[in-house]
Amino acid sequence: MDQQTNLPSIGIVSVGKLGNLIPRVVAANIQGILDVPVSIIGEIEIPEETFILERRQYDAGLMLKILEEVSTNHFCILGVTYVDLCIPVFTYVFGEAQLGGRTAIVSTYRLQRGELGETISESVFYERVVKVALHEIGHVFSLYHCENEYCLMRFSSKLGALDSLPILFCDRCLFLLKRLIRS
Amino acid sequence: MGHIRILVVDDELIVRESLIGWLKKGGYDVDPASSGMEALKRLKEKEYDLIFLDIKMPDMSGIEVLKNLKESSPNSLVVMITAYGSVETAVEAMKLGASDYLMKPFEPEHLVLLVEKLLQQKKLIEENLFLKEQVSKRTKYQELIGSASCMQKLFEIIEEVASVDSPVLIRGETGTGKELIAKAIHAKSPRRFGPFVAINCGAFPESLLETELFGHEVGAFTGAIRARKGRIEIAHGGTLFLDEIGEIPLKMQVDLLRVLEEKRFQRVGGREYIPVDFRFISATHKNLEEEIRLGRFRKDFYFRLNVIEIQVPPLRERKEDISLLAQHFLQKFRRETNKPVTTISKDALNLLYSYDWPGNVRELENAIERAVVLAKSRILTKEDFSFLLRPKLLENQVDEPKSLEEVERRHIEKILNETDWNISRAAKILGLNRTTLHAKIKKYGLSHHPRTN
Ligand SMILES: Nc1ncnc2c1ncn2[C@@H]1O[C@H](COP(=O)(O)OP(=O)(O)OP(=O)(O)O)[C@@H](O)[C@H]1O
Ligand SMILES: [Zn+2]
Ligand SMILES: [Zn+2]
């Protein structure tokens, strides 16, 4: 796990029992697109304090703070969870990240079905998880939202919008991302 | 629209943090305020495009902040943030001028659409404000620059006066732009396709002024070997502008009065009456009423030319125009001299504001020209205008110059000082064009050095 490369490495943590497959798919895609080392750190339990009773959801911001403690030798830690995440001002989020920070998180909760609750294919599901993960990692690398319709940094809070994105950053965002990764 | 600035006012840290966090990811410039008081403090320092304002806060309610801010920052758009159950207050806020409200927690999509909508709205408002400003406040009217309200009024008067054909008397101190006003009236009048003919009555001795104005026939006087048209004749169909009308000798006032009344005249030495049709505009910095009392100006002539009177305010009464005029002249002389002088420093502007400008806009124009010609950097500083602070110096040459160049240098310097560094006048006196004079000033490194004693 301690690869001594100059590149920053990204560690993936399952938050709650998620199985092996999802973290592996995410890891492979991030590595493929960003060209940085990615490792799977392991699994932690869902932190109880992140549960918001009135909303029956989990506090994404608090999750990010807890993830920081998981490992110190990764530039970025990405949590993957199946619980429903939210932030104080939003009714839900697909994922969350600290802009220019160290941690990001993705929830599969709202990605498993279609907008009307219909079932979807596995590949669509995995694509969604990967897209949200890459988007949030983009924020960790200080990227802002992008107006380009075909860029992963476009803010998409709806499944339809998320599905219409390719698994790609636009040239500008990719350029910034690579530069930030290397600096 | 440039960078977008947003203020988030909420007493709850987590709400503030999460909303600000999201807005920052949009690349907006976001500031927090944890109370109404803090918000008002921030608003004094900075203007915001968008303000998110929590309705319930302990020190000062969002509604109070809103009322306050509609006065202090009328251009900011406000979104109220409410908790479940306070929608009524939100509606009240909308009546007080808030643009919209959001109930915590909100659908992410809702916020995106709202921000997009408001920024679009903001852009439109700004464009409209810009257009409105352009309509109500034209800072340039023909060749005249002026944003002061007295100048705006003057532009309106010119607009009205231009359409009627009556004589106009323009009164104002020297250098206030009387000739430019006369030109503007002409350019706006139905006679604009005719000639604009100007003559400075103070610049000619009596006999010459007469032939200048009326022209002459062959043999009218010794040396009149050819007939010549006077300015009156040349002005036919257009506008005749007589500057310094107070300088016209009494006898010629009679002649001119007759031309105005009969619309015909005779050349000097001629018998034939030549019909003319022109608009008559005159200007003076003299107190003509006083001149009449002293018997130096004819009352009947005065009434004839003073049908419409335009009073031009001196520059010291429209100091807010100084910066605009200074920029305008800076551009002009930068182009003319090809010197890369781009800016006037704040210090320098302050000095220009504090000065009294007895020579009005012309003096300002000359001051800028001089500063540009002598400037050593891209920015005109207070030091570049220090000549405004110094007493006028008296020329007293001691030793005789040896070389021709030295004679030239001294002579140019002398004339410059005599004309108070009025480059145009100095150039005229020296028989040079301004560009050549600029070059010589540079070559000899001339500047205005005061000498003690
Ligand atoms: N409002 C103005 N905007 C731009 N330039 C101006 C303005 N007023 C005056 N000037 C400039 O100042 C100089 C003097 O203007 P002008 O000759 O019209 O003044 P004047 O009142 O006729 O002066 P005088 O009574 O000495 O003949 C000109 O170079 C003119 O271009
Ligand atoms: Zn995002
Ligand atoms: Zn992009």
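Residues numbered from 1 in each chain as written. Chains lettered and ligands numbered in written order. Predicted model: local features only at pLDDT ≥ 70, side-chain atom pairs only at ≥ 80, totals over all residues. Heavy atoms only, no water.

(A) Looking closely at the overall build of chain A. Across its full length, chain A carries 5 helices and 9 strands. The helix and strand sequence of chain A, counted from the amino end, reads β-α-β-β-β-α-β-β-β-β-β-α-α-α. In chain A, the proportion of contacts linking residues at least 24 apart, taken out of those at least 6 apart, comes to 68%. Accessible surface for chain A amounts to roughly 8800 Å². Of this, 50% is attributable to carbon and sulfur atoms. (Helix = DSSP H or I, 4+ residues; strand = E, 2+ residues; numbered from the N terminus. Contact = heavy atoms within 4.5 Å. Areas by Shrake-Rupley, 256 points an atom, 1.4 Å probe, with all protein chains shown as cover.)

(B) How the structure looks around the site of ligand 1. Residue and element names in this part refer to chain B. Of all residues adjacent to ligand 1, which total 18 residues, the nearest are Thr174, Lys178, Asp243, Arg362 and Glu365. Within the backbone of glutamate 179, one N or O atom sits 3.0 Å away from an oxygen atom of ligand 1. Contact with the protein chains removes 88% of the 620 Å² of surface that ligand 1 exposes when unbound. Elements supplying a minimum of two residues to the shell around ligand 1: β7 (144–145), α7 (178–188), α13 (322–337) and α15 (360–374). Taken together, the residues of the shell around ligand 1 break down into 7 nonpolar, 4 polar and 7 charged. (Near = heavy atom within 4 Å. Polar contact = N/O pair within 3.5 Å; in protein donor to acceptor, adjacent residues only side chain to side chain. Nonpolar A, V, L, I, M, F, W, Y, C, P; charged D, E, K, R; others polar.)

(C) Region of the structure containing the packing of α13 of chain B against α15 of chain B. Residue and element names in this part refer to chain B. Where α13 meets α15, the axes come as close as 9 Å, and the angle between the chain directions of the two elements is 45 degrees. Here α13 is positioned oblique relative to α15, judged by the angle of their axes. α13 and α15 meet at a crossing whose hand is right-handed. In contact with Ile322, Leu325, Ala326, Phe329, Leu330, Lys332, Phe333, Arg334, Glu336 and Thr337 of α13, α15 contributes Val361, Leu364, Glu365, Ile368, Glu369, Val372 and Val373. Here the contact of α13 with α15 is composed, by residue class, of 11 nonpolar, 1 polar and 5 charged. (Axes fitted to C-alpha atoms, helices over the stretch in contact; angles between N-to-C directions. Parallel < 35°, antiparallel > 145°, perpendicular 65-115°, else oblique. Left-handed = near helix turned anticlockwise from the far one by under 90°.)

(D) Spotlight on the confidence of the model for chain A. Confidence in the prediction for chain A averages 92 pLDDT; 96% of positions are at 70 or higher. Under a pLDDT of 50 for its full length, residues 1–5 of chain A has, in the predicted model, 5 contacts with residues more than four places off or in other chains. (pLDDT = per-residue confidence, 0-100.)

(E) How the structure looks around the coordination of the zinc ion (ligand 3). Residue and element names in this part refer to chain A. Within the protein, the zinc ion (ligand 3) binds to Cys146 (SG), Cys151 (SG), Cys170 (SG) and Cys173 (SG); these donor distances fall in the range 2.3 to 2.4 Å. Coordination at the zinc ion (ligand 3) is tetrahedral, judged from the 4 donor atoms that bind it and the angles of 103 to 117 degrees they form at the metal. If you list the donors of the zinc ion (ligand 3) from N- to C-terminus, the spacing comes out as C-x4-C-x18-C-x2-C. Here cysteine 151, found in the loop between α3 (122–140) and α4 (159–164), pairs with cysteine 173, found in helix α5 (residues 171–182); they are 22 residues apart in sequence, far enough to count as distant. (Donors = N, O, S within 2.8 Å, 3.2 Å for Na, K, Ca; no water. Tetrahedral: all angles 85-135°; square planar, octahedral: opposite > 155°, others 65-115°.)

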